[in-house]
Amino acid sequence: MDAPQGARGTARATTGDPQSHTGPDHPLRVAVIGGGPGGLYAAALLKRLDPTRDITVWERNAPDDTFGFGVVLSDETLGGIEHADPTVYRALQRDFVRWDDIDIVHRGVRHTSGGHGFAALGRRRLLEILHTRCRDLGVRLRFRTEAPDDLPHTHDLVVAADGIHSTTRERYADVFRPRATAHRCRYIWLATDFPLGSFRFDIAETEHGVMQLHGYPYAPDASTVIVEMREEVWRAAGFGELDEAESIERCAKIFAETLHGRPLRSNNSTWTTFRTVVNERWSHGNVVLLGDAAHTAHFSIGSGTKLAVEDALALAACLEGQDSLPEALAAYEAERRPVVASTQRAARASLEWFEDIALYLDQPPRQFAFNLLTRSRRVTHDNLRLRDAHFTRAVEREFGCPPGTPPMFTPFRLRGLTLRNRVVVSPMDMYSAADGVPGDFHLVHLGARALGGAGLVMTEMVCVSAEGRITPGCAGLYTGRQAEAWKRITDFVHAQAPGTAIGVQLGHSGRKGSTKVMWEGMDEPLEEGNWPLVAASALPYKPFSQTPRELSRAQLTDLREQFAAAAGRAARAGFDLLELHCAHGYLLSGFLSPLTNRRTDAYGGSLDKRLRFPLEVFDAVRNAWPGERPVTVRISATDWAEGGTSAEEAVEIARAFAAHGADAIDVSTGQVVAGERPEFGRSYQTPFADRIRNATGVPVIAVGAISSWDDVNSLILAGRTDLCALARPHLYDPHWTLHAAAEQGYSGPAAPWPAPYGAGSRRPRTGRTDAPKPRLSL
């Protein structure tokens, strides 16, 4: 939010010493702890908006002490600065270095993507500009001085901008409730005395492992250089035993080609591990956190200073726009928290991509470059197409897209089945069957989505027994009548939507069964008509849920046969693909997770033992299913709960199913335990699919908050998934795929309109070609 130009009143403190500082004629006394860009800019803004404010900045270091070298600011942030304080903006503008290109160097080949637009300047110069502005406005700057402990009692407002190691945050940790997550890479912040011509990523494959350089110019004669690598690579390379000078010399040799043989220099540079800081609250009484004290975002998306400056803009505006200090601080946090959370999600995706960069080294060169550029999920296929059509077309050609064909409309083969495009209608429980028999609703529901152009339409979870239903409304394949009803649906799809495949998902509810239909109370037990539950272990899903019986050996055999029999019925009903449901806490998922499998026999304990029964079921299903038709497996790649399935275990689970003949892994997450804490966000489950695909080579289906055709194209072209399954978008629009084709100007064989709907395909395209180019956020 941009700070307004004029003052509209001053928010008063309600804590501290109200008798001394809340009188109507008393100027607001503000203490700023920390003389970094965020704290200085907040001080300057607050003083400019109300010259009567008494503002002091406490900084324990000297004026010219700074860590790091260059600072990158986005056009959006610069626009806010220009509006709030043109004087600061003009001073910055005189020193900015600007460039458009991103270079990615991998295995000796450089790929360039243009049209991005960056602006940077030296961090020391940025501080000098802000020092000057603060002094000109009358802000007191106290360097080499620790902030007094009693500032909340002597001032009306305390802005804690004291960085990632904030002493203010730690003093009130019981209120702010900070969490700091350390990550898996070490990095060091350096510089070189010549300007790189672009934002540059250089990948070095050494005998010890992969190392990467992030570099960009920040002055006509200088560039920032960050060297990063996994902790185990850092140790194997011996960096832990080198002093600062030796480390810098070693880094210069590793990246000598990029540096043109020039040396690197440091500024008290040390190897460190990035920590993501999150606080449950950002204010306490008259104390408010700003910048890294409140939140951090990995340097690979260039957001640290940007976020701090934007915090200062928002805080100043909220203090002007609200009637009281509590209201102002609440408004500041309400405005900034969603923005910061979104940035932190993007930053985490980016840092994890670099942590796992070894997974992508064997990708085709241009796909590797595209993958790197889109790693945060903020940069997309369409975004890059608008910026650099030549680069994007080259990536598409390398991927195998015919001219004018978006990646989502390329075919994909699973065993004997070729899907005409990469879109899957995800399994969605409809709870609308009678005695397990699908009826007219299912015919219309699945038929409409088949006519809508998707390459594959999946049924909801179809239960292998009456006791295996989730609710009384769940569909089944445990009787001949049910199989005949399903054949009516598959016949319709094959006749009326030729080229669309239809798949069945087989499963058993386990401990999550005998509940009400979703709209009457999700996961709530039936008030009457309950049936007994079985599971890997006798653990209820929720405290009020029915406690299942632990399955005996004999019952395991019976269940395996129920799955095989259902698979045989599914084959005779005409399904093209079968998926085994081993996710979301249902029966087979309950065996896989250590949180739900507490068995002490051959089916519990180690991962190999927890896999044993699901693999036995898979083998039985595979044997009962026609050999030319594919079988996929849906798994929960994480339980989103401490002690649950880990990302590494998910890879091993996928690898085990693939070894037994699974043709693809449908990668979902969670819903295994009631106390889960998912990290929701755009495409939030796709990193798990990405890891499995690139660690094992097994085809994957990505699911989870994928809502746009641009996301689908981006994920597929980057090599993070082979197919994309969408649920809610297909509930909103059964013809989502056809509409995606029309909006992209595609009218090829991968998305044919049914003849009766042909007139609708000629709807004029809503133009995107002259849309503004969005700012690239790495």
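Above this text sits the structure in question.
Here the structure is a predicted model, which means the values were calculated and not measured.

Q: I would appreciate a short explanation of the nonpolar core in the present structure.
A: Side chains that are nonpolar tend, in soluble globular proteins, to be buried together. Counting 88 residues, the largest nonpolar core has Leu-477 and Phe-657 as its most contacted members. In contact with Leu-477, other than residues within four places in its own chain, are Val-462, Cys-463, Gln-482, Ala-483, Trp-486, Val-504, Leu-506, Ala-566, Arg-569, Ala-570 and Phe-575.

Q: How do you make sense of helix α26 (residues 736-743) when you look at a structure like this?
A: Turn by turn, an α-helix covers 3.6 residues, leaving residues three or four places apart pointing in a common direction. Among the residues of α26, Trp-736, Thr-737, Leu-738, Ala-740 and Ala-741 are the ones counted as buried. Buried-residue contacts for α26 involve β19 (423-425), α16 (440-451), α24 (709-717), β28 (723-726) and α25 (728-732).

Q: Would you mind going over α24 with me for this structure?
A: Among the nine residues of α24, nine are classified as buried, and the element is accordingly described as predominantly covered. What α24 keeps buried is the set Trp-709, Asp-710, Asp-711, Val-712, Asn-713, Ser-714, Leu-715, Ile-716 and Leu-717. Elements that come into contact with the buried residues of α24 comprise α13 (365-373), α14 (381-387), α15 (389-399), α23 (686-696), β28 and α26. Directly beyond the C-terminal end of α24, a positive phi value near 80° is found at Gly-719.

Q: Would you mind showing me how to read the side chain of Thr-392 here?
A: Looking at the element boundaries, Thr-392 is found in helix α15. Beyond its immediate chain neighbours, meaning those up to four positions away, Thr-392 contacts His-381, Leu-384 and Arg-385.

Q: What am I meant to see in the side chain of Thr-490 here?
A: Position of Thr-490 relative to the elements: it lies in helix α17 (residues 480-496). Here Lys-487 takes part through its backbone oxygen, which lies 3.1 Å from a polar atom of the side chain of Thr-490. In terms of polar contacts, Thr-490 uses its side chain to reach the backbone carbonyl oxygen of Ala-573, at 2.5 Å. If we skip the residues at most four places from it in the chain, Thr-490 touches Ile-502, Ala-573, Gly-574 and Phe-575.

Q: How should a nonpolar patch on the surface be read in this particular structure?
A: Taken together, the side chains of Met-518, Trp-519 and Met-522 make up a nonpolar region of the molecular surface, amounting to roughly 350 Å² of accessible area. Its place among the elements puts Trp-519 in helix α18 (residues 518-521).

Q: Would you mind going over the pairing of strand β20 (residues 456-463) with me for this structure?
A: Strand residues, when the strand is regular, have side chains that alternate between the two faces of the sheet. In terms of burial, β20 is a largely internal element, eight of the eight residues being buried. Where β19 meets β20, two bridges bridge the pair, whose relative direction is parallel. Residue pairing in the sheet places Val-424 in a bridge with Leu-456 of β20.

Q: Got a minute to help me understand unusual backbone geometry in this structure?
A: It is generally the case that most residues other than glycine have a negative phi and that most peptide bonds are trans. In this model, Arg-177 sits at a positive phi of 50°, which is unusual for a non-glycine residue. Within the secondary structure, Arg-177 is located in the loop between α8 (173-176) and β10 (178-192). Look at Arg-177 and you get partly exposed, because its relative accessible area is 38%. Located in the positive-phi region is Arg-377, a residue other than glycine, with phi close to 70°. Within the secondary structure, Arg-377 is located in the loop between α13 and α14.

Q: Explanation requested: the packing of aromatic side chains in the structure shown.
A: By convention here, two paired aromatic rings are described through the distance between centres and the angle between planes. All told, the structure shown has 25 aromatic pairs when counted by the stated rule. Centre to centre, the rings of Phe-199 and Phe-201 are 5.3 Å apart; their planes meet at 20°, and the pair counts as stacked. The exposure class assigned to Phe-199 is buried, which follows from its relative accessible area of 8%. On the basis of relative accessible area, Phe-201 is assigned to the buried category, the value being 1%. With 6.2 Å between their ring centres and 80° between their planes, Tyr-603 and Phe-613 make a pair best called edge-to-face. Taken together, the residues span a long stretch of sequence, with Tyr-603 in the loop between α20 (587-592) and α21 (607-624) and Phe-613 in helix α21 at a distance of ten residues. Judged by its relative accessible area of 5%, Tyr-603 is buried. For Phe-613, a relative accessible area of 0% translates into the label buried. The ring of Tyr-603 is capped by Arg-612, whose NZ or CZ atom sits 4.7 Å from the centre of that ring.

About the cut-offs
- Residues numbered from 1 in each chain as written.
- Predicted model: local features only at pLDDT ≥ 70, side-chain atom pairs only at ≥ 80, totals over all residues.
- Heavy atoms only, no water.
- Core = buried A, V, L, I, M, F, W, Y, C linked by side-chain atoms within 4.5 Å.
- Buried < 20%, exposed > 50% of the residue type's maximum accessible area, 1.4 Å probe, protein only.
- Contact = heavy atoms within 4.5 Å.
- Helix = DSSP H or I, 4+ residues; strand = E, 2+ residues; numbered from the N terminus.
- Polar contact = N/O pair within 3.5 Å; in protein donor to acceptor, adjacent residues only side chain to side chain.
- Patch = residues over 30% accessible without salt bridge, like charges linked within 9 Å, V, L, I, M, F, W, Y side chains within 5 Å.
- Areas by Shrake-Rupley, 256 points an atom, 1.4 Å probe, with all protein chains shown as cover.
- Salt bridge = Lys/Arg side-chain N within 4 Å of Asp/Glu carboxyl O.
- Pairing = 2+ DSSP bridges.
- Phe/Tyr/Trp six-rings, centres within 6.5 Å; stacked < 30°, edge-to-face > 60°.
- Lys NZ or Arg CZ within 6 Å of the ring centre and 35° of its normal.

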